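A closer look at the structure
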Amino acid sequence: MRTKEEAVAILKSFDIGNKFSYLPVLPKASVLIPLLVRSGRLHTLMTLRSSELRTNAGEVCFPGGKRDPSDGDDVDTALREAEEEIGLAPDGVQVVCRLFPVMSKVGARMKTTLPGHSISCSGPISPLLTSFQQSGLLVTPVVGFIEESFCPRPNPAEVSAVFTVPLDVFIGKDHGAHGMLGPLNSFHYEDPDSGSQYHIWGLTAMFAILVAALALKKKPEFDAGFDHDDPLPFFQQVLHRRICKL
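Thresholds applied
- Residues numbered from 1 in each chain as written.
- Predicted model: local features only at pLDDT ≥ 70, side-chain atom pairs only at ≥ 80, totals over all residues.
- Heavy atoms only, no water.
- Helix = DSSP H or I, 4+ residues; strand = E, 2+ residues; numbered from the N terminus.
- Buried < 20%, exposed > 50% of the residue type's maximum accessible area, 1.4 Å probe, protein only.
- Contact = heavy atoms within 4.5 Å.
- Areas by Shrake-Rupley, 256 points an atom, 1.4 Å probe, with all protein chains shown as cover.
- pLDDT = per-residue confidence, 0-100.
- 1 Å grid on protein atoms, 1.4 Å probe; cavity = no way out; pocket = protein on both sides within 12 Å on 5 of 7 lines; lining within 4 Å.
- Points joined across faces, edges and corners; volume = space filled by probe spheres on them.
- Nonpolar A, V, L, I, M, F, W, Y, C, P; charged D, E, K, R; others polar.
- Expected span 1.5 Å × (residues − 1).
- Polar contact = N/O pair within 3.5 Å; in protein donor to acceptor, adjacent residues only side chain to side chain.
- Pairing = 2+ DSSP bridges.
- Phe/Tyr/Trp six-rings, centres within 6.5 Å; stacked < 30°, edge-to-face > 60°.
- Core = buried A, V, L, I, M, F, W, Y, C linked by side-chain atoms within 4.5 Å.

Let's talk about the overall build of the protein
Along the backbone of the protein there are four helices and eleven strands. When the 246 residues of the protein are sorted by exposure, 50% land in the buried category. Restricting to contacts in the protein with at least 6 residues of sequence separation, those with at least 24 account for 76%. Surface exposure of the protein reaches about 11,500 Å², of which carbon and sulfur atoms provide 51%.

Quick look at the structure:
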């Protein structure tokens, strides 16, 4: 069992800092991965997108969205979106770290130069790379702790449900995780509070697996594609291959 203090210390050690400052200017988005302690276990809070939305309707995701001109950085974007979507006040979040950004979609190919970095676009691509949806945004996950007592106030125009999932669901097959379903990380989870069934997959599942493996300091019971002790090289490879396709 990992305590909150231990998880915070571990996650902070993986904060990206300025490791990706060399990237070209790209459209940005952020998601907030809210963590909380419930019954002695680490959980994460997720949302079900409204079926009325034009994109990704009815899918499970973390609160988040595109950066606004008024946002100072990735953290500002994640906190603003979480407040808009589920009523989570920014001062109710203990921001812990920013983790590795991922390109969520690739458009037409063009030559991209990253000063000071040599990027190889040849060679085999991990099956995990194909699990990322394509949308042209550089998505940065922001991890923060919230209080267990937080009561969501979902914006019905954007969110139809809010629920929590124990983090260990995303690293162990004994908790309903189906691991790799073809190239996708896919999990089916039944919320014990509501009895609702949720399908968690794609980029949302990838971020959940990453945070679970790091915070719990445990290797997933399936092939997640990255080294849970040193995931940076894998995510750099993912990002560089996506940028090579721009």
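A closer look at the confidence of the model for the protein
Model confidence for the protein is summarised by a mean pLDDT of 83, while 80% of its residues fall at 70 or above. Confidence, expressed as mean pLDDT per element, reaches its minimum in the protein at strand β9 (residues 177–181) with 39 and its maximum at strand β5 (residues 94–98) with 98. Note that pLDDT drops below 50 for residues 106–135; the model gives that stretch 73 contacts with residues more than four away or on any other chain. Note that pLDDT drops below 50 for residues 174–183; the model gives that stretch 22 contacts with residues more than four away or on any other chain.

Notes on the layout of surface pockets
Looking at the second largest pocket, its volume works out to about 270 Å³. Considering the residues around the second largest pocket, the lining is formed by 17 residues, among which F20, S21, K28, D74 and L138 are closest to the centre. Residue composition of the lining of the second largest pocket, by class: eight nonpolar, four polar and five charged.

Topic: helix α2 (residues 74–86)
Over its 13 residues, α2 extends 18 Å from the first C-alpha to the last, a length consistent with the 18 Å expected when each residue adds 1.5 Å. Within α2, ten of the 13 residues are buried, which leaves it mostly tucked inside the rest of the structure. Restricting attention to buried positions, one finds in α2 the residues D74, V75, T77, A78, L79, R80, E81, A82, E85 and I86. Where the residues of α2 are buried, they touch β1 (28–38), β2 (41–49), β4 (64–66), β5, β7 (138–145) and β8 (159–166). Of the residues that open α2, the one with a side-chain oxygen 3.2 Å from the backbone nitrogen of V75 is D73. Backbone geometry just downstream of α2 places G87 in the positive-phi region, at approximately 75°.

Looking at unusual backbone geometry
Notably, S39 is not glycine yet its phi reads approximately 55°, a positive angle. Residue placement: S39 occurs in the loop between β1 and β2. The backbone of K217 sits at a positive phi, close to 55°, despite the residue not being glycine. Relative to the elements of secondary structure, K217 occurs in the loop between α3 (202–216) and α4 (232–244). With relative accessibility at 47%, the residue K217 sits in the partly exposed group.

As for the pairing of β1
With eight of eleven residues buried, β1 lies mostly within the body of the structure. Examined bridge by bridge, β1 and β7 share eight bridges and lie parallel to one another. Residue I33 lies in a different strand from β7, and its bridge partner there is V143. Of the strand pairs in this sheet, β1 and β4 are connected by three bridges, and their pairing is antiparallel. Residue S30 lies in a different strand from β4, and its bridge partner there is G65.

Description of the packing of aromatic side chains
Considering all chains together, one arrives at eight aromatic pairs under this definition. Note on F170 and F187: the rings are 5.1 Å apart at their centroids and 75° apart in plane angle, and the pair reads as edge-to-face. Of this pair, F170 sits in the loop between β8 and β9 while F187 sits in strand β10 (residues 184–190); the two residues are 17 residues apart in sequence, bridging distant segments of the chain. Take F170 and F187: they sit in the same class, and that class is buried. Ring pairs connect the aromatic residues F100, F226, F234 and F235, which therefore count as one cluster.

Focus on the nonpolar core
Core analysis: the largest hydrophobic core is formed by 63 residues, its most contacted members being M46, F170, I200 and F226. Those residues in contact with I200 that lie beyond four places of it in its chain are M46, V60, F163, V165, F170, N185, S186, F187, Y189 and A205. By size, the runner-up hydrophobic cluster in this structure holds 14 residues, among which are L36, L45, F150 and V159.

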